[in-house]
Amino acid sequence: MMDIYLKLNEMGIELPKPTAKAGIYKRTVCFADRLVYVSGTGPASDMPTGKLGKELTVEQGMEAARSCALNILANLHDELGNLNRIKRFVKLLVFVASNEDFFDQPQVGNGASSLLCEVFGSDCGVATRSAIGVPVLPGNIPVEIEALLELKDE
Amino acid sequence: MMDIYLKLNEMGIELPKPTAKAGIYKRTVCFADRLVYVSGTGPASDMPTGKLGKELTVEQGMEAARSCALNILANLHDELGNLNRIKRFVKLLVFVASNEDFFDQPQVGNGASSLLCEVFGSDCGVATRSAIGVPVLPGNIPVEIEALLELKDE
Amino acid sequence: MMDIYLKLNEMGIELPKPTAKAGIYKRTVCFADRLVYVSGTGPASDMPTGKLGKELTVEQGMEAARSCALNILANLHDELGNLNRIKRFVKLLVFVASNEDFFDQPQVGNGASSLLCEVFGSDCGVATRSAIGVPVLPGNIPVEIEALLELKDE
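Within each chain, residue numbers correspond to sequence positions counted from 1 in written order. The naming scheme follows written order: chains are lettered A onward, ligands numbered 1 onward. Owing to the predicted nature of the model, reporting of local features is limited to residues with pLDDT of at least 70; listing and counting of side-chain atom pairs is limited to 80 or more, with chain, interface and lining totals taken over all residues. Only heavy atoms go into the side-chain values, all of them from the structure, while hydrogens and water stay out.

Trainee: I keep staring at the relation of the copies chain A and chain B and nothing clicks. Help me out?
Mentor: Two chain copies, one operation linking them: a rotation about an axis together with a shift along it. For the pair chain A and chain B, the best superposition has an RMSD of 0.0 Å and corresponds to a rotation of 120° with a translation of 0.0 Å parallel to the axis. The transformation relating the two chain copies, once decomposed into turn and shift, fits a three-fold axis. Across chain A, the rotation axis passes nearest the C-alpha of A:Val134, at a separation of 3.2 Å. By the convention used here, residues are in contact when the closest approach between their heavy atoms is within 4.5 Å. The share of interface residues of chain A whose copies in chain B are also at the interface is only 12%, consistent with the copies meeting through different surfaces. Superposition of the copies was done by least squares, using only C-alpha atoms of residues whose pLDDT is at least 70 in both.

Here's what the structure looks like:
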């Protein structure tokens, strides 16, 4: 795996600032020597709010999911110190605020998964995943993603 | 624990084929030496779609959950190579597409849990679980289940 | 970290009885040497049911979340034998039965997180978290919480 920061640079991606916290939780917790859980993370605060299939299109949902993934990387960079410590993404849980007739949660989730795949490669960046519909998310954001990762042995 | 394939045979169960993927994810990921996450997995594609408490009865929901569990076993068989490597099911997260007045998500989840209990025994096959209502799932399926497992030491 | 039972006593908290099970699952499972998953756990059975933003206020939701956390501690006490074995809370997943215009799931979740923070301290008691809206939960309860914990080395 090439250096993650070189890769991000090559892709023209500048990491956003770590997200603000909206409650009593930690953005990340390292546990069991080399696992990391990342809290449910929303998209950039200036992105449109609302539901898929109502206020937002699939394309907007994918953009929101991609933004969630970038915020997850920003928080991991801030708390781990170095994104090159990541061995693999194990699991993503993708919550998609959905109108009752919106069935394309996986496509929305791909907005995050395709970014992680491109940055970390398909072996490490593609995780198991559930992408489900929910009626509403905090602050009316359209997508929220939590992640489980494994770090390299030190 | 008896041989899982003998047990399945005794129960008259033939594992389905591994499921097709509907997005950028892996069906299973092994991590931290002996843990496995299984992606959110739906029922057989020829089963009825819709919501519990609206288009589907509790019994149909339990059948769908059982089918999810069989698909999980099929994917684990395909990716682990041998279901006898499984030490225990640790956690199931059961998403049930639910009308607002449907409160029996646990009974629906039992459709999966009772199958795993019968195949693997109550010590290994019965996991922690959350069974929650969601407004809608990918492709309008009624139930989706993700799983965390522990493998035996090799 | 001070003795957890002294701390609970100091806070005037008496742990409730372990919760009854409403399906085929375990309340807790220990795995991978020192991790514990706790099943989705509801509030005390005599608390009000219904949705946030409809039948229940944010304050009632926070009380319900706090009650979920107490039930989680009661189940952990019953199954681990000693709450002092807990090293840290790793992850909470907070399901909040929500009307479509209720956006304060994190504040509801804080009802649980603030209790765990006070009992275990901010290093150990504050976990990663997702707090999401769902349309309906088992038995029409307003909040359900599942938890992942790490135990101390023995």
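Trainee: Where do I start with the interface of chain A and chain C in this structure?
Mentor: A common way to express how large an interface is: the accessible area buried when the components associate. Taken together, the contacts link 29 residues of chain A with 32 residues of chain C. Taking both sides of the interface into account, the surface hidden between chain A and chain C amounts to around 2,300 Å²; carbon and sulfur atoms contribute 62%. Three residues, A:Ile24, A:Lys26 and A:Val136, lead the burial of chain A against chain C; their summed loss comes to 26% of the area buried on that side. One speaks of a salt bridge when a side-chain nitrogen belonging to Lys or Arg is within 4 Å of a carboxyl oxygen belonging to Asp or Glu. Seen at the junction of chain A and chain C, the total is 3 salt bridges. With its nearest N and O atoms 2.7 Å apart, the salt bridge here joins A:Glu146 to C:Lys91. Residues adjacent in sequence count toward polar contacts only when both atoms are side-chain atoms; beyond that, a polar contact is any pair of N or O atoms within 3.5 Å, and within protein one must be able to donate a hydrogen and the other to accept it. Applying the counting criterion to the chain A and chain C interface returns 17 residue pairs in polar contact (both at pLDDT 80 or more). Summed over both partners, the accessible area (1.4 Å probe) lost when two parts come together is defined as the buried area.

Trainee: Any chance you could explain the sheet that holds strand 2 (residues 35-41) of chain C here in plain terms?
Mentor: Pairing between sheet strands relies on hydrogen bonds along the backbone, with the strands arranged either parallel or antiparallel. Residues and elements named next belong to chain C. Taken in spatial order, the 5 strands line up as 1-2-5-3-4 in an open sheet, and their pairing is mixed. Each edge of the open sheet carries a strand with a single partner, namely strand 1 (28-31) and strand 4 (128-134). Each neighbouring strand pair of the sheet contributes to a mean axis angle of 15°, computed without reference to strand direction. Relative to strand 2, strand 1 runs antiparallel, the two sharing 4 bridges. In the strand pairing of strand 2, Cys-30 is matched with Val-36. Across the face of the sheet, helix 2 (residues 58-80) comes into contact with strand 1, strand 2, strand 3 (86-97) and strand 5 (143-151) while running at roughly 40° to strand 5. Strands strand 3, strand 4 and strand 5 of the sheet are contacted by helix 3 (residues 105-125), whose axis makes an angle of about 175° with strand 3. By the convention used here, strands pair only if DSSP detects at least 2 bridges between them. Where helices and strands are cited, they refer to DSSP runs of H or I of at least four residues and of E of at least two residues respectively, numbered from the N terminus. Interaxial angles span 0 to 180 degrees and are taken between N-to-C directions of axes, which are lines fitted to C-alpha atoms, for helices over the stretch in contact.

Trainee: What is the right way to look at the pairing of strand 3 (residues 86-97) of chain A in this model?
Mentor: Along any regular strand the residues' side chains alternate between the sheet's two faces. Residues and elements named next belong to chain A. Burial here depends on accessible area, computed with a 1.4 Å probe over protein chains only, as a share of the maximum for the residue type. Under 20% is buried, over 50% is exposed, and the range in between is partly exposed. Of all the 12 residues making up strand 3, 10 are buried; the element is thus mostly covered by neighbouring parts of the structure. Pairing analysis gives 9 bridges linking strand 3 to strand 5 (residues 143-151), with the strands arranged antiparallel. Directly across from Lys-91, in strand 5, lies its bridge partner Leu-148. Note on the crossover from strand 3 through helix 3 (residues 105-125) to strand 4 (residues 128-134): the handedness is right-handed. Look down the strands so they point away from you; if going from the first strand over the helix to the second traces a clockwise path, that crossover is right-handed.

Trainee: In this structure, what is going on with the packing of aromatic side chains? I would like to understand it.
Mentor: The relation between two aromatic rings is expressed through the spacing of the ring centres and the mutual angle of the planes. Residues and elements named next belong to chain A. Classification of ring pairs uses Phe, Tyr and Trp, with its six-membered ring standing for Trp, and accepts pairs whose centres are within 6.5 Å; under 30 degrees between planes counts as stacked, over 60 as edge-to-face, and the remaining range as tilted. Applying the stated criterion across every chain yields a total of 6 aromatic pairs over all chains. Here Phe-89 and Phe-120 contribute two aromatic rings whose centre-to-centre distance is 5.1 Å and whose plane-to-plane angle is 65°, an arrangement assigned as edge-to-face. Taken as a pair, Phe-89 in strand 3 and Phe-120 in helix 3 lie far apart in primary sequence, 31 residues in all. Classification of Phe-120 as buried rests on a relative accessible area of 3%.

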